[in-house]
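Analysis of the macromolecular model
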Amino acid sequence: MTSETATILVTGAAGQIGSELVPALRENFGQHKVIASDLVEPKADSLREGPFEKLDVTDRVQLETAIKKHKIKRIYHLAAILSATGEKNPVKAWEVNMHGLFNVLEAARELEVKQVFCPSSIAVFGPLTPRVNTPQDTILSPTTMYGVTKVAGEQLSDYYVKKFNLDVRGCRFPGIISHEALPGGGTTDYAVAIFYEAVIHNKYSCFLRPETRLPMMYMPDCLKSIIKLMEADFSQLRHHSNFNVTAMSFSAAQLAAEIKKHRPSFEMSYQPDFRQAIADSWPESIDDTAAKEEWNWEPDYDLARMTVDMLNVLQEKKNQGKLVYPG
Ligand code: NAD
Ligand code: SER
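Treat the numbers as computed from the prediction; the structure is a model and nothing was measured. (Residues numbered from 1 in each chain as written. Chains lettered and ligands numbered in written order. Predicted model: local features only at pLDDT ≥ 70, side-chain atom pairs only at ≥ 80, totals over all residues. Heavy atoms only, no water.)

Looking at the site of ligand 1
Taken together, 27 residues are adjacent to ligand 1, and Gln16, Asp38, Asp56, Tyr146 and Lys150 come closest. Contacts to ligand 1 include isoleucine 17, whose backbone N or O atom sits 2.9 Å from an oxygen atom. Contact distances for ligand 1 include 2.9 Å between a nitrogen atom and a backbone N or O atom of valine 57. Its residues placed into classes, the shell around ligand 1 shows 16 nonpolar, eight polar and three charged. (Near = heavy atom within 4 Å. Polar contact = N/O pair within 3.5 Å; in protein donor to acceptor, adjacent residues only side chain to side chain. Nonpolar A, V, L, I, M, F, W, Y, C, P; charged D, E, K, R; others polar.)

Digging into the sheet that holds strand β5 (residues 115-117)
Across the sheet, which stays open at both edges, the six strands sit in the order β3-β2-β1-β4-β5-β7 with parallel pairing between neighbours. Taken across any chain shown, the strands that pair with only one partner, and hence form the sheet edges, are β3 (52-54) and β7 (167-169). Between one strand axis and the next, the sheet turns through 20° on average, direction left out of account. Sitting on the sheet, helix α3 (residues 60-70) is in contact with β1 (8-11), β2 (34-38), β3 and β4 (74-77), with an inclination near 160° to β3. (Pairing = 2+ DSSP bridges. Helix = DSSP H or I, 4+ residues; strand = E, 2+ residues; numbered from the N terminus. Axes fitted to C-alpha atoms, helices over the stretch in contact; angles between N-to-C directions. Contact = heavy atoms within 4.5 Å.)

So, unusual backbone geometry
Here the phi dihedral of lysine 71 falls at roughly 50°; this positive angle occurs in a residue that is not glycine. One can find lysine 71 in the loop between α3 and β4. Lysine 71 gets classed as exposed once you look at its relative accessible area, which sits at 61%. At glutamate 112, a residue that is not glycine, the phi angle is positive and equals roughly 60°. Inspection of the secondary structure puts glutamate 112 in the loop between α5 (90-110) and β5. According to the relative accessible area criterion, glutamate 112 is exposed, its value standing at 54%. (Buried < 20%, exposed > 50% of the residue type's maximum accessible area, 1.4 Å probe, protein only.)

Observations concerning the pairing of β2
Within β2, five of the five residues are buried, which leaves the element mostly enclosed by the surrounding structure. Here β2 shows no split at all, with Val34, Ala36 and Asp38 on one side and Ile35 and Ser37 on the other all buried. Bridge count for β1 against β2 is three bridges, and the pairing is parallel. Counted as the bridge partner of leucine 9 is isoleucine 35 from β2. Considered for its hand, the β-α-β crossover made up of β1, helix α1 (residues 18-29) and β2 is right-handed. The pairing of β2 with β3 spans three bridges and is classified as parallel. Bridged to serine 37 within β3 is glutamate 53. (Right-handed = clockwise from strand over helix to strand, strands pointing away.)

A look at the pattern of salt bridges
A complete count under the given rule lists 18 salt bridges for this structure. Close ionic contact of lysine 317 with glutamate 180 constitutes a salt bridge, the shortest N to O distance being 3.3 Å. You can see lysine 317 sitting in helix α12 (residues 303-319) and its partner glutamate 180 sitting in the loop between β9 (175-177) and α7 (190-200), a full 137 residues away along the chain. Given a relative accessible area of 18%, lysine 317 falls into the buried group. A relative accessible area of 41% places glutamate 180 in the partly exposed class. (Salt bridge = Lys/Arg side-chain N within 4 Å of Asp/Glu carboxyl O.)

See below:
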């Protein structure tokens, strides 16, 4: 897609990933070629600098009106309810994650949108899945409504690829760590909150047990994976909507130890809650060979490099009085 032809819609743009994907896409394709949309007005300054549509993805008419108005040719569909919020309100998770995706795929088919990106998640896996180096093609047995919607979403997306030749792509993201927008209610959110709490209070009470090990990725790698997958030659892809991707795996205690290398007086305590059961059902580590083979996926950040960057950026924001955190 060239900057002359690209007109892109990002749903759920005010969230953790959208707040950084939109500026990255605007950098590549031009400020006014990327239409950010969400139920809520974006907080991030970077999103206020270009076009924004208030849009509920469960409302097909609103969605199609925006696609027609802006002559959209590519959609990054990020609007979703994540795992922890989804367990509190499974009906809403089904409504937003399934009806939202169905509306996006149908609207894309009918209105000749060329390409759709829809993220999946490690939440597609479950207690019956091998937990270490989880294979690309394996048992999908989620225990959360979020995971159920992500499995169904992958299947639905692949159906549109096969049945209608619609170009739909997606990665199974692990926990995403970032410093622009706070996460929206997932089980891996502790790995973001810990950095804010370390910089603000020098201590953190974690909602997972110390030994809980999960796959994770720093936001620059998340953005890199989205951009690389969308640029890949469609004819070379054997998978479409369900690529395993990862960058690192660590336990809550290992993350605390890494932070302590830079802030020796940092204190971590543990008060596991309902999210522990969700984390226990997910993989510890992921095999992303298919992504490496099919579109040359390679992450740049490991635990040590990510930790240094997160602490530096958040400390700088704090020094400038710009660190916004509700805790
Ligand atoms: P987020 O919760 O931070 O943002 C989601 C956004 O969707 C929010 O801004 C919310 O207002 C919006 N939204 C909710 N309902 C909507 C509706 N009906 N219509 C329009 N917008 C609506 O989520 P995120 O972390 O940015 O995740 C984006 C995508 O990536 C999701 O599909 C999520 O499942 C997936 N993912 C995220 C992670 C992660 O760690 N962040 C990991 C795996 C997969
Ligand atoms: N980070 C997400 C969550 O915890 C994984 O999809 O819900």
